[in-house]
Amino acid sequence: MERRGAALAGLDRALPVWAAAALVLVFLMALPLGWLAHMSVTAERGGFTLGHYTAVFADPALQRALWNTVVLAFWVGLVSVAVGAPLAWLTARTDVPGRGLIRGLVLASFVTPPFLGAFAWVMLAGPNAGYLNRLWRSVTGAEAPLVNIFSMPGLIFVVAVYTFPYVYIMVANTLALIASDVEEAAAMLGAGRLAVALTITFPMVLPALVSGFILSVLQALALFGSPAILALPAGFHTVTTQIWSLFQFPPKVEMAAAFSVPLLLATVVLLYLQKRLLGRRGYAAVGGKGGQRRVIPLGPWRYPALGACLVVMACAIFLPYGMLAKAAFSRAWAQPLTWGNLTLGNFAFTFFEYSATRAAIVNTLELGFLTATVGAALVGLLAYIASRRLVLGHQVVAFLALVPVVIPGVVLAVALFIAYTRPPFVLYGTLWILFVAYLTKEMPVGYAQSDATFRGIPPDLEEAGRILGAGRLRVLRDITAPLARSGVIAAWCFIFIGVIRELSASIILFTPNTKVMSVVLFDLKEEGQFGAIAVLGLVMLALTFATVTLVQAALGRDVLGARD
Amino acid sequence: MPGITLRGLGKRYGGVAALDNLSLDVRPGELVALLGPSGCGKTTTLRLVAGFLKPDTGEIRVGERLLSSPASVVPPERRRMAMIFQSYALWPHMTVAQNVGYGLRFQRGVARAERARRVAGMLKVARLDGLEARYPGELSGGQQQRVAVARALVVEPEILLLDEPLSNLDANLREEMRFEIRRLHEAFHITTLYVTHDQAEAMVISDRIAVLNRGRLAQVGTADALFEAPRTRFVAEFIGKTNVVEGVALSGDTIVRDGLRLRVAGGGLAAGARVAVSIRPHLIALVAPAVGGADALRGTVKRVAFLGDGVDYEVEVAGADLTLRVAAPTSPRLRPGEAVGLRIDPAACVRLAEDDAPGAS
C-alpha cells in the first residue's frame with residue numbers, strides 16, 4: 001500500500017494544466033505556419049510545385065517591391081541610429097536640460113501607432129494641401145512644394161521618427177549599465193577623453209547600437225500602414241503592401257504565401273544576428289552594478305543639444321499630434337484654425353453618423369480585453385512552466401512563445417487566413433480569427449514580460465510553501481500569483497496596447513462585420529475623411545496613453561526599461 | 001520521532017555525478033550536519049530529502065516510510081517536513097503572523113482558533129511577539145531569520161531541514177544564532193539535517209557531522225572523532241588546521257621522509273608502503289634544540305604570527321624538505337631564524353587513507 005501511494009503521489013497532479021497550456025501554444029504556432037509553408041509549395045490541383053516561388057521572383061513588379069523594402073529598411077535603420085544613439089547618449093550621460101521630458105517624449109513616440117503618424121504627416125507635408133508646404137508657399141511665394149511626403153525619402157522619414165526609439169532603448173539601457181569607473185580606469189592609465197570614448201565607451205555600446213539598428217530594420221520590414229499610406233499614392237509597393245494587394249480581388253493566396261516566405265526568412269536571420277550580438281553584450285551588463293555614472297557637462301552646448309532633441313520630437317510628436325488635434329476640431333483641416341473653422345462636427349460625424357465607427361470601437365475594445373486577458377493568462381502560465389521547468393521540453397515552450405517575433409503581421413495574416421478558412425477551423429468572417437491573430441502576434445511581448453516576472457520570484461518562496469504542505473497549484477495561488485500580480489498586469493497592458501493599434505494583420509483578416517478601429521481609419525483615408533481620422537486617432541492615442549500609465553504604475557518604472 | 005535513512009543515494013546532472021552512492025543514518029531526534037565545500041553534494045542531498053529532487057539511485061526513508069526512490073517520490077507537501085532556507089524564503093506579501101501560520105492551514109484538525117493560539121505561542125518562543133502585523137521587508141536580518149525558524153517549527157514537523165540558514169547574517173549574530181539553534185534543538189528534539197560549509201558552525205550545532213567531498217561521504221562522526229581521527233587527508237584538512245606529512249613506511253610503526261623519522265602509534269604499516277599522516281599543530285611541542293630522544297626533531301623558525309591567544313609558527317625541519325605549522329603558547333616567544341627542537345608524540349600522528357577510497361565508517 002505504502003509503495004503504491006507513493007507512486008501515485010509522485011505524479012504531478014497539475015500536469016494536465018501545464019500540458020494543456022503547452023499544447024495550445026504548439027497549436028497556435030504550428031497550424032498557420034504549417035499551412036503557409038504547405039500552401040506556398042502546393043499546385044492548384046494538388047501536388048508539389050515551386051511554381052509560386054518562381055512566379056513571384058520572376059515578376060518585375062514584385063522584384064521592385066522587394067528592392068523598395070530593402071531600401072526602406074536599410075535607410076530607416078541608418079536614420080534611427082543617427083537619431084536614437086545621440087539622443088540616448090545625451091539623456092543618459094550629459095547634463096542636457098529636460099532629460100526626463102525627452103525620455104517621456106521618446107516613450108510617446110515609441111507607443112504612437114506609426115500609421116497615425118503617417119496620416120498626420122500627409123496633412124503636414126502632402127505636396128499640395130500639406131500644411132507645411134502651404135506655409136512655405138505663402139512665405140516664399142514659391143510654386144513648388146517644400147517637401148513631398150509621398151516619396152521614398154518621405155516614407156523613410158515618417159517610419160524612422162517612430163522607429164528610432166528601438167535604438168534609443170538599446171543604447172540608453174546599455175549606457176546606464178556601464179559605470180563610469182571603467183572609463184575612469186582608462187583615464188587613470190593616461191587615455192584622453194576622445195581616446196576613452198573611442199576605445200572604451202564606443203566598443204561597449206557597439207553591440208547595442210547594431211542590435212538597435214537590426215530591430216529598426218525589422219520594424220521597417222514588417223510595417224504595413226505607413227507604406228500603404230505613403231508609398232501607394234507615390235506609385236510604389238513594398239513587400240507588405242504587395243502581399244496585401246495579392247489579397248485584393250481576385251485573391252492570389254498561393255502567391256502571397258510564396259512572397260511571405262522571404263520576408264519571414266529575412267526576419268529570422270536578422271533576429272538571430274541580433275540575439276548573437278546581445279548574447280555577447282553580457283560583459284557590458286556585468287560590470288554595471290551600482291557603479292556611479294559621471295555626468296558630462298556640455299557647457300555652452302547644453303541648449304543647442306536640447307534644441308536638437310526638440311527638433312526630433314517636433315517631427316515625431318509635436319507636429320503630428322498638433323496636426324491631428326487641429327484636424328479633429330476643424331471644419332476644413334487645411335484651413336487656419338479660426339472661430340469660423342472650429343467645430344465639434346468631426347466628433348459627431350465619427351461617433352454618430354459614420355456607420356462603421358462605433359461597431360469598430362466596440363470590436364477593438366472587445367478584442368483588446370479578450371486578447372489581453374486570455375493572452376496574459378496564457379503567457380503567464382507558459383512563462384511559469386518554462387521558468388520552473390514543469391514539462392519535458394520546457395525550452396521548446398519558451399522558444400515557441402517567442403517565435404511570432406519573427407512573423408511580420410502581414411505574413412501571419414496570410415498564414416491564419418489559409419489555416420482558418422477551411423475545416424476543421426472555419427474562423428474567417430468572425431472576430432475569432434482576429435483574436436487568434438492578435439493572441440499570436442502579441443505573445444512574445446507578453447511572454448518576455450511574464451518571463452522577467454517569474455525570474456524575479458525566487459523558487460525558494462514556492463519551495464517553502466511546498467514543504468509546509470501546500471500542493472503545486474495551491475502554492476501558485478497563495479504565493480506565486482500575488483507576487484506576480486504587477487508583472488501580469490503589465491503583460492496585460494502590453495498586449496492590450498498591441499491589439500488596439502494592430503493594423504497589418506487586421507487589414508487582411510477583417511470582413512465587413514468585423515472591422516476594428518485601425519481598419520476603419522484606413523477606410524476613412526480612402527474617403528478622404530481626415531477630420532474623422534484625426535478624431536479616431538486621438539481616441540486610439542488616449543487609450544494607449546491611459547494603458548501606458550497603468551503599466552508604469554504597476555511596474556513602478558517607465559516602459560523603456562532602464563532604471564533611473 | 002522517526003529517523004532518516006539514506007541508502008545508496010545518487011544524483012547526476014547531465015554527465016556529472018552530484019551525489020554518488022551516499023548512505024547515511026540520522027537517528028531519531030539527532031541533529032546531523034552535512035559539511036563540505038561548495039559543489040560537494042550537500043545541498044543536493046538536502047533537496048533530495050525534501051522531495052524537490054528525484055534520486056537516480058538509492059532510496060530515502062523516514063522511519064519505515066519510503067519517501068524517495070528512482071521509481072517514485074512523495075511530493076514535498078506530503079513528507080511532514082519543514083525547511084529553513086538560506087534566503088529564509090519569507091513571503092513578502094504576507095505578514096509575520098501569516099507567514100508563520102501558513103503551514104498550519106494544511107494540517108487537518110487544526111481549527112482556526114487553535115491555529116492562532118499556536119502561532120501566538122511560537123511567536124513568543126521566537127521573541128517575535130509584537131511584530132505579528134509587520135511584513136518581512138520591515139524586519140531586521142535577525143528577526144527575519146527567527147520568522148523563518150518559527151514558521152518551520154510551528155507545524156511540529158517530523159523532520160527539520162536547514163540549508164545554510166546562518167550564512168546571510170553578520171559574524172556576531174551568526175555566532176549567537178548557532179547557540180540559539182542548538183538550544184531549540186535541545187528543546188524540541190526534532191530529527192534534523194543541517195547543511196553548512198562552515199566547520200565551526202557544524203561543530204557547535206550538531207550531534208554528528210557528515211563530511212561530503214565531491215558527491216561522496218568522506219566520513220561521519222562526532223566533532224571530536226573527526227578532529228582527532230580524520231580518516232582521509234580531505235577530512236583532516238577540512239576540519240581544523242593540520243600538517244600532512246607523506247613518507248614511506250620503514251617498519252610497522254615508523255615512517256621516513258628524507259632524514260626525518262616519525263613514530264606512528266598503532267603500528268601495522270606495511271614496510272615500503274607510501275603513507276600519509278596528519279599532525280595537528282597544537283600537538284607538536286617546541287622544546288630546546290639540545291634535548292634529544294627518539295621522537296625529537298630539530299628545525300629552524302621561518303615565520304611567526306602572533307594570534308593573541310597563541311602563536312602560529314612555521315618551522316623548517318632539518319634534514320627534510322618539510323615545513324610544519326606549530327601552535328604554541330605566547331611565551332616563550334621565538335624569533336625567525338632561531339633553532340628549535342620539536343617533539344611529536346606517536347599518538348599525534350594519525351594515519352590517513354587515500355581520499356578516493358570508497359565507503360565510510
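Source: prediction; values computed, not measured.

Calculation notes
Residues numbered from 1 in each chain as written. Chains lettered and ligands numbered in written order. Predicted model: local features only at pLDDT ≥ 70, side-chain atom pairs only at ≥ 80, totals over all residues. Helix = DSSP H or I, 4+ residues; strand = E, 2+ residues; numbered from the N terminus. Buried ≥ 20, exposed ≤ 12 C-beta atoms within 10 Å, placed from the backbone. Contact = placed C-beta atoms within 7 Å. Nonpolar A, V, L, I, M, F, W, Y, C, P; charged D, E, K, R; others polar. pLDDT = per-residue confidence, 0-100. Core = buried A, V, L, I, M, F, W, Y, C linked by C-beta atoms within 7 Å. Pairing = 2+ DSSP bridges. Axes fitted to C-alpha atoms, helices over the stretch in contact; angles between N-to-C directions. Parallel < 35°, antiparallel > 145°, perpendicular 65-115°, else oblique. Left-handed = near helix turned anticlockwise from the far one by under 90°.

Examining the overall build of chain B
Move 1: Summing up its helical and strand segments, chain B has 8 helices and 20 strands in all.
Move 2: Counting all 361 residues of chain B, 40% fall into the buried class.

Here's the deal with the interface of chain B and chain A
Move 1: Counting residues at the interface gives 25 residues for chain B, matched by 21 residues for chain A.
Move 2: Every element with two or more residues in the side of chain B that touches chain A is listed here: β5 (65-68) and β6 (81-84) of chain B.
Move 3: Residue contributions to the side of chain B that touches chain A peak at 3 residues, all from β6 of chain B.
Move 4: Partitioned by chemical class, the residues of the side of chain B that touches chain A number 17 nonpolar, 5 polar and 3 charged.

Regarding the confidence of the model for chain A
Move 1: Chain-level pLDDT for chain A is 84 on average; 93% of the residues reach the 70-or-more range.
Move 2: Across residues 281-290 of chain A, where pLDDT falls below 50, the model places 13 contacts with residues more than four positions away in sequence or in other chains.

Digging into the nonpolar core
Move 1: The biggest cluster of nonpolar side chains holds 177 residues, and the ones touching the most others in it are Leu382, Val414 and Leu416 of chain A.
Move 2: Examining the composition of this core, we find that 15 residues originate from one element, helix α4 (residues 60-93) of chain A, more than from any other.
Move 3: When neighbours within four sequence positions are excluded, Val414 of chain A is seen to be in contact with Leu36, Ile243, Ala256, Ala257, Ser260 and Ile508 of chain A.
Move 4: In this structure, Ala33, Leu123, Tyr194 and Val340 of chain B belong to the second largest nonpolar core, which totals 106 residues.

Considerations on the sheet that holds strand β11 (residues 243-251) of chain B
Whenever strands of a sheet pair, they do so through backbone hydrogen bonds, lying parallel or antiparallel.
Residues and elements named next belong to chain B.
Move 1: Overall, antiparallel pairing links the 5 strands, which are arranged β13-β12-β11-β14-β20 in an open sheet. The sheet is open, and its two borders are formed by β13 (260-263) and β20 (350-352), each paired with just one other strand. Between one strand axis and the next, the sheet turns through 45° on average, direction left out of account.
Move 2: Two elements, β11 and strand β12 (residues 254-257), share 3 bridges in a ladder whose sense is antiparallel. Along β12, the bridge assignment pairs Ser251 with Thr254.

Comments concerning the confidence of the model for chain B
Keep in mind that low pLDDT regions are not for reading the predicted coordinates in detail.
Residue and element names in this part refer to chain B.
Move 1: With 96% of its residues at a pLDDT of 70 or more, chain B has an overall mean of 89.
Move 2: The lowest-confidence element of chain B is β13, averaging 84 in pLDDT; the highest-confidence one is strand β3 (residues 31-35), averaging 96.
Move 3: Taken as a whole, residues 357-361 scores under 50 in pLDDT and shows 8 contacts with residues more than four places along the chain or in a different chain.
Move 4: Overall fold confidence (pTM) sits at 0.80, and the ipTM for the predicted complex is 0.81.

Describing the packing of α4 of chain A against helix α11 (residues 193-222) of chain A
Two packed helices can be described by the angle between their axes and the distance between those axes.
Residue and element names in this part refer to chain A.
Move 1: Between α4 and α11, the least distance of the axes is 8 Å, while the angle of their chain directions is 140°. Taken as axis vectors, α4 and α11 run oblique relative to one another. Where α4 crosses over α11, the handedness of that crossing is right-handed. Taking contact as the criterion, the partners of Thr69, Leu72, Ala73, Phe74, Val76, Gly77, Ser80, Val81, Gly84 and Ala85 in α4 are, on α11, Leu209, Gly212, Phe213, Ser216, Val217, Ala220 and Leu221.
Move 2: A class-by-class count of the residues in the contact of α4 with α11 yields 11 nonpolar, 6 polar and no charged.

Details of the sheet that holds strand β7 (residues 159-163) of chain B
Residue and element names in this part refer to chain B.
Move 1: What the 6 strands build is an open sheet, ordered β6-β7-β8-β3-β9-β10; its pairing is mixed. With partners counted over all chains shown, the strands left at the sheet margins are β6 and β10 (216-221), one partner each. In this sheet, neighbouring strand axes are inclined to one another by 20° on average, regardless of whether the strands run parallel or antiparallel.
Move 2: Inspection of the sheet shows β3 paired to strand β8 (residues 191-196) by 5 bridges, in the parallel sense. Its bridge partner lying in β8, Ala33 is registered against Tyr194.

Describing the pairing of strand β4 (residues 57-62) of chain B
Residue and element names in this part refer to chain B.
Move 1: Here strand β1 (residues 4-13) runs beside β4; their pairing, made up of 5 bridges, is antiparallel. Note that in β4 the partner of Leu6 across the bridge is Ile60.
Move 2: Two strands pair when backbone bridges link them, and β4 and β5 are joined in this way by 3 bridges, in the antiparallel orientation. Bridge assignment links Val62 to a residue of β5, and that residue is Arg65.
Move 3: Hairpin connection from β4 to β5: 2 residues lie between these consecutive antiparallel strands, with Gly63 at a positive phi of about 60°.

Quick word on the packing of helix α20 (residues 409-419) of chain A against helix α21 (residues 431-455) of chain A
All names here are of chain A.
Move 1: Taken N-terminus to C-terminus, the directions of α20 and α21 make an angle of 135°; their axes are 10 Å apart at the nearest point. The angle between α20 and α21 places the two elements in the oblique class. For the element pair α20 and α21, the recorded crossing hand is right-handed. Residues Gly409, Leu412, Ala413 and Leu416 of α20 pack against Ile433, Val436, Ala437, Thr440 and Lys441 of α21.
Move 2: Here the contact of α20 with α21 is built from residues that sort into 6 nonpolar, 2 polar and 1 charged.

Describing the environment of Arg79 of chain B
Move 1: Position of Arg79 of chain B among the secondary structure elements: in the loop between β5 and β6.
Move 2: For the pair formed by Arg79 of chain B and Ala50 of chain B, sequence separation is 29 residues and the distance between their alpha carbons is 7.5 Å.

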